[in-house]
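# Results of the structural survey
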Amino acid sequence: MIKTDNLNDISAKFCGGIKEKIINGIRLTSEDGIALYKSSDIISIGKLAHYARKKKCGNKAYYIYNQHINYTNICANQCLFCAYARKKNQPEAFLYSIEDIKKKLYERIDEPITELHIVGGLNPELNLNYYLTLLKTVKQIRYKATIKAFTAVEIDYLSQKSGLNVPQVIKKLKQAGLDMMPGGGAEVLSASVRKKLFPKKISGDRWLRIIKMVHLEGIKTNATMLYGHIETIEERINHFIKLRELQDETNGFLAFIPLAFHSKNTKLSRLPSTTAIDDLKTIAIARLMLDNFDHIKAYWVMIGEKLAQTALFFGADDLDGTIIEEKITHFAGAKTAKGLTEEYIKNLITKAGFTPVCRDSFYNPV
Ligand code: V47
Ligand code: SF4
């Protein structure tokens, strides 16, 4: 295995003395995070992140056998960065009936899927009853699997549509089978980016408040950050600080997932793709700033399998999963596969010198 955990060749002065802080478990400040982003010494940043990662999870690299189901792409929000959403009368608009969902589940019923990842647009035709029936149906058919479904954005919409408050909505979803929530909808927790790119979406503060309520109801969630569009380095670091503060309060986050922006077929198609250096830096700096998160995911769908494998040396400890039928990034021009086999993922991990661990949604080995 490549030795990236030796920090001797990193100067004590690197980024104002960050090495000392990392070794002694001292929390990094916003200024430290900004200094890391401004540094072009990607190897030193990677080594520090690898050191922090090894302290948390040793040589393990996780993956999950999961299935994604996107139940509708009809969405009232129309965020400028989104290539997935459609208006009802557009040709590619779709809404899965409960029968369609059953079909999707039965198509893969013989596979050892342990997690269903279910998210969709804000479709004005759907009411709380659809969501409850969806959850109950999935639980009936896949009773052993974890249902990881709906973002804070969908929870807010459901609360508005049903007239129930957020804790009431969460309780109902939980009773119907919701086990955990993905980290989408956070985008960048910056009022100015939100105003320019997705003014209809809930504010960053509302996203944080909803997630806090979800954690207080005993439901774990992930957190994401959509980067590589118009946001500044300072806004990315501020995003990390806000997540870190909430994690200090609730300890309800399981993993952080940086999402690299794909511009094709969006209203921001003039913007270039993120670079490998930015992807690796963002994963590494997330690992270093988010000292109270156990897991940092390198989401292969967004950055490609090969860079995701490399990211295991830059602070990531999880490659996500088999997925099958990813829609959101593929509508935005992602060239990656729509799913991977378990063998393929295990091979990526072992060839990098890590120990593959097939996990459930809560990071227990399966
Ligand atoms: O919220 C939308 C992002 C998210 C684009 O929690 C885009 O385990 C890039 O949250 N380019 C949904 N990103 C995906 C998501 C997720 C994915 C994998 C695992 C988990 C988890 C969560 O995708 C949206 C938005 O931030 N997104 N459009 C785009 N053009
Ligand atoms: Fe709708 Fe989500 Fe796309 Fe925004 S990102 S338009 S909320 S589906």
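For clarity, every value in this text was computed on a predicted model and none was experimentally measured. (Residues numbered from 1 in each chain as written. Chains lettered and ligands numbered in written order. Predicted model: local features only at pLDDT ≥ 70, side-chain atom pairs only at ≥ 80, totals over all residues. Heavy atoms only, no water.)

## Comments concerning the overall build of the chain
Secondary structure summary: the chain contains 15 helices and 10 strands in total. Its C-alpha radius of gyration of 20 Å places the chain within 12% of the 21 Å reference for a compact globule of 366 residues. In terms of overall dimensions, the chain has C-alpha extents of about 60 × 45 × 40 Å along its principal axes. Long-range contacts, defined as pairs at least 24 residues apart, comprise 77% of the intrachain contacts of the chain with a sequence gap of at least 6. Taken as a whole, the chain presents about 15100 Å² of accessible surface, with 53% of it coming from carbon and sulfur. Separation between the mean location of the 53 positive side-chain charges and that of the 39 negative ones in the chain comes to 2 Å. (Helix = DSSP H or I, 4+ residues; strand = E, 2+ residues; numbered from the N terminus. Rg over C-alpha atoms; globule rule 2.2 N^0.38 Å. Contact = heavy atoms within 4.5 Å. Areas by Shrake-Rupley, 256 points an atom, 1.4 Å probe, with all protein chains shown as cover. Lys, Arg positive; Asp, Glu negative; His and termini not counted. Charge placed at Lys NZ, Arg CZ, Asp CG, Glu CD.)

## Description of the site of ligand 1
The environment of ligand 1 is formed by 22 residues, the closest being Lys148, Gly183, Glu187, His262 and Lys297. Between an oxygen atom of ligand 1 and a side-chain N or O atom of Asn222, the distance comes to 2.9 Å. In isolation ligand 1 exposes 610 Å². Once the protein is present, 95% of that is buried. In this structure, ligand 1 is accommodated by the largest cavity. For the shell around ligand 1, the secondary-structure elements that each account for two or more residues are β6 (220-227) and β7 (253-260). (Near = heavy atom within 4 Å. Polar contact = N/O pair within 3.5 Å; in protein donor to acceptor, adjacent residues only side chain to side chain. 1 Å grid on protein atoms, 1.4 Å probe; cavity = no way out; pocket = protein on both sides within 12 Å on 5 of 7 lines; lining within 4 Å. Sits in = over half its atoms within 2 Å of the grid points.)

## Points about the nonpolar core
Among the nonpolar cores identified, the biggest contains 121 residues, and Ile118, Phe150, Leu173, Trp207, Phe240, Leu243 and Phe256 are the most heavily contacted of them. No other element matches the 8 residues that helix α5 (residues 128-141) contributes to this core. Residues contacting Leu243, with those up to four places away along its chain left out, are Leu189, Trp207, Leu208, Ala223, Phe253, Phe256, Leu290 and Phe293. (Core = buried A, V, L, I, M, F, W, Y, C linked by side-chain atoms within 4.5 Å. Buried < 20%, exposed > 50% of the residue type's maximum accessible area, 1.4 Å probe, protein only.)

## Regarding the site of ligand 2
The local shell around ligand 2 consists of Cys75, Asn77, Gln78, Cys79, Phe81, Cys82, Tyr84, Ala85 and Lys201. In a pocket analysis with a 2 Å cut-off to the grid points, ligand 2 is assigned to the largest cavity. Its residues assigned to classes, the shell around ligand 2 shows 6 nonpolar, 2 polar and 1 charged. (Nonpolar A, V, L, I, M, F, W, Y, C, P; charged D, E, K, R; others polar.)

## Focus: helix α4 (residues 98-107)
Each full turn of the α-helix corresponds to 3.6 residues, which orients residues three or four apart in the same direction. Three or more residues of α4 are buried, namely Ile98, Ile101, Lys104 and Leu105. Along α4, the residues classed as buried sweep out an arc of 115° about the axis, all on the same side. In α4, the exposed residues that point more than 90 degrees away from the buried face are Glu99, Lys103 and Glu107. (Arc of directions from axis to C-beta.)

## Examining the packing of α4 against α5
For the pair α4 and α5, interaxial distance at closest approach is 10 Å and the crossing angle is 25°. Judged by the angle between their axes, α4 and α5 are roughly parallel. Two packed elements cross with a definite hand, and for α4 against α5 that hand is right-handed. Mapping the contact onto sequence places Ile98, Ile101, Lys102, Leu105 and Tyr106 in α4 and Tyr130, Thr133, Leu134, Thr137, Val138 and Ile141 in α5. (Axes fitted to C-alpha atoms, helices over the stretch in contact; angles between N-to-C directions. Parallel < 35°, antiparallel > 145°, perpendicular 65-115°, else oblique. Left-handed = near helix turned anticlockwise from the far one by under 90°.)

## So, empty space enclosed by the protein
Under the defined criterion, the tally for this structure stands at 2 cavities of 30 Å³ or more. Quantified by volume, the largest cavity comes out at close to 800 Å³. Lining the largest cavity are 42 residues; nearest its centre among them are Gly184, Gly185, Glu187, Leu259 and Ile328. When residues of the lining of the largest cavity are traced back to their parent elements, those giving at least two are β2 (66-70), β3 (115-119), α6 (152-162), β6, β7 and α14 (328-331). Here the residues of the lining of the largest cavity are counted per class, giving 20 nonpolar, 15 polar and 7 charged. Considering only enclosed or pocket space, the second largest cavity measures out at about 40 Å³ in volume. Around the second largest cavity, the lining residues are Tyr227, Pro258, Asp279, Ile283, Lys297, Ala298, Tyr299, Met302 and Ile303. Those elements that place two or more of their residues in the lining of the second largest cavity are α11 (276-289) and α12 (300-303). The class makeup of the residues in the lining of the second largest cavity is 7 nonpolar, no polar and 2 charged. (Points joined across faces, edges and corners; volume = space filled by probe spheres on them.)

## A word on the pattern of salt bridges
Using the criterion set out here, one finds 20 salt bridges in the structure. The closest approach of N and O atoms between Glu217 and Lys171, which form a salt bridge, is 3.4 Å. Note that Glu217 is positioned in the loop between α9 (204-216) and β6 and Lys171 in helix α7 (residues 166-176), a separation of 46 residues in sequence. Each of Arg27, Asp248 and Asp291 takes part in a single network of salt bridges with overlapping partners. (Salt bridge = Lys/Arg side-chain N within 4 Å of Asp/Glu carboxyl O.)

## Side note on the packing of aromatic side chains
Using the criterion set out here, one finds 15 aromatic pairs in the structure. A ring pair is formed by Tyr71 and Tyr130, whose centres lie 5.9 Å apart and whose planes are at 45°; its orientation type is tilted. Taken together, the residues span a long stretch of sequence, with Tyr71 in the loop between β2 and α4 and Tyr130 in helix α5 at a distance of 59 residues. The exposure class of Tyr71 is buried, given its relative accessible area of 0%. Aromatic pair Phe240 and Phe256: ring centres 5.6 Å apart, planes at 85°, arrangement edge-to-face. In this pair, Phe240 sits in helix α10 (residues 233-250) while Phe256 sits in strand β7, placing the two residues 16 residues apart along the sequence. For the pair shown, Phe240 and Phe256 are each scored as buried. (Phe/Tyr/Trp six-rings, centres within 6.5 Å; stacked < 30°, edge-to-face > 60°.)

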